[in-house]
Number of protein chains: 2
Amino acid sequence: MAGLKQVQRQTGVALWRQIADRIREAIGNGAYDETGMVPPETVLALQFGVNRHTVRSALAALAQEGIVRAVQGRGTLIERKERLNFPITRRTRFTAGIGDQARETRALLLDEAQEEASAEVGSWLGLKQGEMVIRLETLRHADRRPVSKATSWFPAERFAGIGEAYRKHQSITKAFAELGLADYVRATTEVTAAHAATADLADLELTPGAILLIAKAMNTDLDGVPVQYSISRFAADRVQFTIDN
Amino acid sequence: MAGLKQVQRQTGVALWRQIADRIREAIGNGAYDETGMVPPETVLALQFGVNRHTVRSALAALAQEGIVRAVQGRGTLIERKERLNFPITRRTRFTAGIGDQARETRALLLDEAQEEASAEVGSWLGLKQGEMVIRLETLRHADRRPVSKATSWFPAERFAGIGEAYRKHQSITKAFAELGLADYVRATTEVTAAHAATADLADLELTPGAILLIAKAMNTDLDGVPVQYSISRFAADRVQFTIDN
DNA sequence: ACCCATTTGTTCGTATGTATG
DNA sequence: GCATACATACGAACAAATGGG
């Protein structure tokens, strides 16, 4: 499991960042659960085959993120360690899916706009290019940590006022209900991964080079008519998806 | 869509690498399909707010990967642009899922071993920790490009000889069939994303900082008895998953 | 054949960031 | 904290190849 030389030089990614990424990941995977702390700097330096200064840079970055806290004479304590599980099923809902794993969830409406459907959005929603759609930009937190940022499109005619409804209820499900759609199902989900764009880095409180899990999803009503197309970006360090067949 | 200053300084990730990652992604998304080439270096430099040298470093990295080819006086041509779609369903199979999108698929058995089940593997396969399992390390190509690297575990008693069978048929499905298991289904899939480890970088022909889509999957026979647990690492640039409910 | 704008390729120099001991 | 070596990034040129008038 340990393995030496897990980092590479002259690749455009500084060693301290590669090491920070690996330690963050190891923490998320529960590698240091027994002690609740990261191994000593000298041990890490040996493991990664780098100078202790380099390890210190990596730990400083993680401390900056609030993931670890160095205490002189004791070691580097792990402050936070979470990975939320997000089930993708026919009845996928954000709040219900995350709700039982977090004490508190929040939803923020960053932006709302009415616009003409792009080719991509139109094809997913079954609209002609140029028909009007409502776009919502939303940010979701769990226990005060940003978890996902999503862009959603809705047919404008059918769901006029969904922005206000979402702001009020902080939930797509409840906003749909207020607009007369009692139930909906997840039809299709496409999952990819990519480096975060700068705009998402800020909102999701990530550092450059961070990874996003991206879910492009289409929801329909019970008659199979598309009601929502969304592109959700999740901080890959903080979530995993599960698909149960 | 364009957007200025999409890169950040002093983050431990070199600008040229951030830019290379964004251009690779843009190519994958079809952003330059009209011309079949990347914008001129001077234009990219302006877009990203960096010196032309920095853009050239990024393009040199992409040329090294075989994604683009620079021609003096003409521009930088896009050589390769692919993203395979990998459906995750109750009947998920690698070869059948990828097969119709690639002209040629190959499967390589990198390693085979018999070992005691770890806590994780045991819990997925319904074995006690310490019971014997067979581990296969496999690498899959589509059209001569590596697509995924997978580690699979099988109950040793029931599937003795599966390594040989896999080497012969280059297919899990056919190897199962030879050992008397005519059919199996995908029970659960967990999807995460992470930076590639060094060992995977080499086999998947990726550069450091590259992203993996990771699928932890459990297959059962038709009676619901676990027959396989696997951790597959896909090059995120080259694939996407789809989940149809 | 020639000129020209465009685009990639190359060579200086200089400043800052990264990594080591 | 210091000294050293190398990678990264910028700026200003100039050279070489391409395609079109």
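Residues numbered from 1 in each chain as written. Chains lettered and ligands numbered in written order. Predicted model: local features only at pLDDT ≥ 70, side-chain atom pairs only at ≥ 80, totals over all residues. Heavy atoms only, no water.

An unreviewed UniProt entry lists chain A under the name Probable transcriptional regulator protein, GntR family, with Rhizobium etli given as the organism.

### Looking at the sheet that holds strand β2 (residues 68-71) of chain B
All names here are of chain B. With respect to topology, three strands assemble into an open sheet ordered β1-β3-β2, the strand pairing being antiparallel. The open sheet has two edge strands, β1 (37-38) and β2, and neither has a second partner. Relative to strand β3 (residues 75-78), β2 runs antiparallel, the two being bridged by four bridges. Each bridged residue has a counterpart across the sheet, and for Ala70 the counterpart in β3 is Thr76. (Pairing = 2+ DSSP bridges. Helix = DSSP H or I, 4+ residues; strand = E, 2+ residues; numbered from the N terminus.)

### Thoughts on the protein's contact with DNA strand C
Contacts to DNA strand C come from 22 residues, most closely from Leu15(A), Trp16(A), Thr54(A), Arg52(B) and Gln72(B). In DNA strand C, the atoms that sit within 4 Å of the protein are 69% sugar and phosphate, with bases accounting for the remainder. Taking Glu41(B), its main chain carries an N or O atom lying 2.9 Å from a phosphate oxygen of DNA strand C. Here Thr76(B) contributes a side-chain N or O atom positioned 3.3 Å from a phosphate oxygen of DNA strand C. For the surface near DNA strand C, the secondary structure elements donating two or more residues are α1 (15-28) and α3 (52-65) of chain A together with α3 (52-64), β2 and β3 of chain B. (Near = heavy atom within 4 Å. Polar contact = N/O pair within 3.5 Å; in protein donor to acceptor, adjacent residues only side chain to side chain.)

### A short note on the side chain of Thr192(B)
Checked against the element boundaries, Thr192(B) lands in strand β8 (residues 185-195). If sequence neighbours within four positions are ignored, Thr192(B) has contacts with Arg83(A), Leu213(A), Val239(A), Gln240(A), Leu212(B), Leu213(B) and Ile214(B). (Contact = heavy atoms within 4.5 Å.)

### Brief notes about the packing of helix α1 (residues 15-28) of chain B against α3(B)
Residues and elements named next belong to chain B. Running from amino to carboxyl end, α1 crosses α3 at an angle of 55°, the nearest separation of the two axes being 8 Å. By the angle class used here, α1 and α3 are oblique. Where α1 crosses over α3, the handedness of that crossing is right-handed. Packed against α1, whose contacting residues are Leu15, Trp16, Arg17, Ile19, Ala20, Ile23 and Arg24, the element α3 presents Thr54, Ser57, Ala58, Leu59, Ala61 and Leu62 at the interface. Its residues placed into classes, the contact of α1 with α3 shows nine nonpolar, two polar and two charged. (Axes fitted to C-alpha atoms, helices over the stretch in contact; angles between N-to-C directions. Parallel < 35°, antiparallel > 145°, perpendicular 65-115°, else oblique. Left-handed = near helix turned anticlockwise from the far one by under 90°. Nonpolar A, V, L, I, M, F, W, Y, C, P; charged D, E, K, R; others polar.)

### Here we look at the domain arrangement of chain A
What the domain assignment lists for chain A is domain 1 (15-78) and domain 2 (84-243). Centre-to-centre separation of domain 1 of chain A and domain 2 of chain A, based on C-alpha positions: 34 Å. (Domains from an automatic or database assignment.)

### With respect to the relation of the copies chain A and chain B
The transformation that overlays chain A on chain B combines an axial shift of 0.1 Å with a rotation of 180°, and the residual RMSD is 0.2 Å. Overall, the copies show the geometry of a two-fold rotation axis. In terms of proximity to the rotation axis, the leading residue of chain A is Val13(A), whose C-alpha is 2.3 Å off the axis. Both copies share a contact surface, since 100% of the interface residues of chain A are interface residues in chain B too. (Least-squares fit on C-alpha atoms with pLDDT ≥ 70 in both.)

### Concerning the packing of aromatic side chains
Taken as a whole, this structure holds 18 aromatic pairs over all chains when the rule is applied. Pairing Phe86(B) with Phe241(B) gives two aromatic rings, centres 5.9 Å apart and planes at 55°, and the pair type is tilted. Of this pair, Phe86(B) sits in strand β4 (residues 84-88) while Phe241(B) sits in strand β11 (residues 239-244), and the two are 155 residues apart along the sequence. Phe241(B) sits in the buried class, given a relative accessible area of 0%. Aromatic pair Phe154(B) and Phe159(B): ring centres 6.4 Å apart, planes at 70°, arrangement edge-to-face. Look at Phe154(B) and you get buried, because its relative accessible area is 0%. Joined through ring pairs, the aromatic side chains of Phe154(A), Phe159(A), Phe176(A) and Tyr184(A) make up one cluster. For the cation-ring pair, Arg93(A) lies above Tyr184(A), with the distance from its terminal atom to the ring centre recorded as 3.8 Å. (Phe/Tyr/Trp six-rings, centres within 6.5 Å; stacked < 30°, edge-to-face > 60°. Buried < 20%, exposed > 50% of the residue type's maximum accessible area, 1.4 Å probe, protein only. Lys NZ or Arg CZ within 6 Å of the ring centre and 35° of its normal.)

### Focus on the UniProt feature "domain: HTH gntR-type" (unreviewed entry) in chain A
Following the UniProt record, one finds the feature "domain: HTH gntR-type" (unreviewed entry) at residues 13-81 of chain A. In residues 13-81 of chain A, the share of helix is 52% and the share of strand is 14%. The end C-alpha atoms are 24 Å apart. (UniProt positions renumbered as here; feature names shortened; annotations may be inferred.)

### Description of the interface of chain A and chain B
Counting from both sides, the interface comprises 43 residues of chain A and, opposite them, 43 residues of chain B. Taken together, both faces of the contact between chain A and chain B bury some 3,600 Å²; the carbon and sulfur share is 54%. Taken together, the links from chain A to chain B amount to zero salt bridges. Taken together, chain A and chain B are joined by eight residue pairs in polar contact (both at pLDDT 80 or more). Counting only elements with at least two residues in the side of chain A that touches chain B, the list comes to α1, β8 (185-195), α8 (198-204), β9 (211-220) and β11 (239-244) of chain A. Here the side of chain A that touches chain B gets 10 residues from one element, more than from any other, and that element is β8(A). The residue makeup of the side of chain A that touches chain B, split by class, is 19 nonpolar, 14 polar and 10 charged. Bridge analysis of β8(A) against β11(B) gives four bridges, and the strand direction is antiparallel. (Buried area = accessible area lost by both parts, 1.4 Å probe. Salt bridge = Lys/Arg side-chain N within 4 Å of Asp/Glu carboxyl O.)

### Some points on the environment of Ser171(B)
If you trace the backbone, Ser171(B) turns up in the loop between α6 (162-169) and α7 (172-178). With 78 residues separating them along the chain, Ser171(B) and Arg93(B) place their C-alpha atoms 9.1 Å apart.

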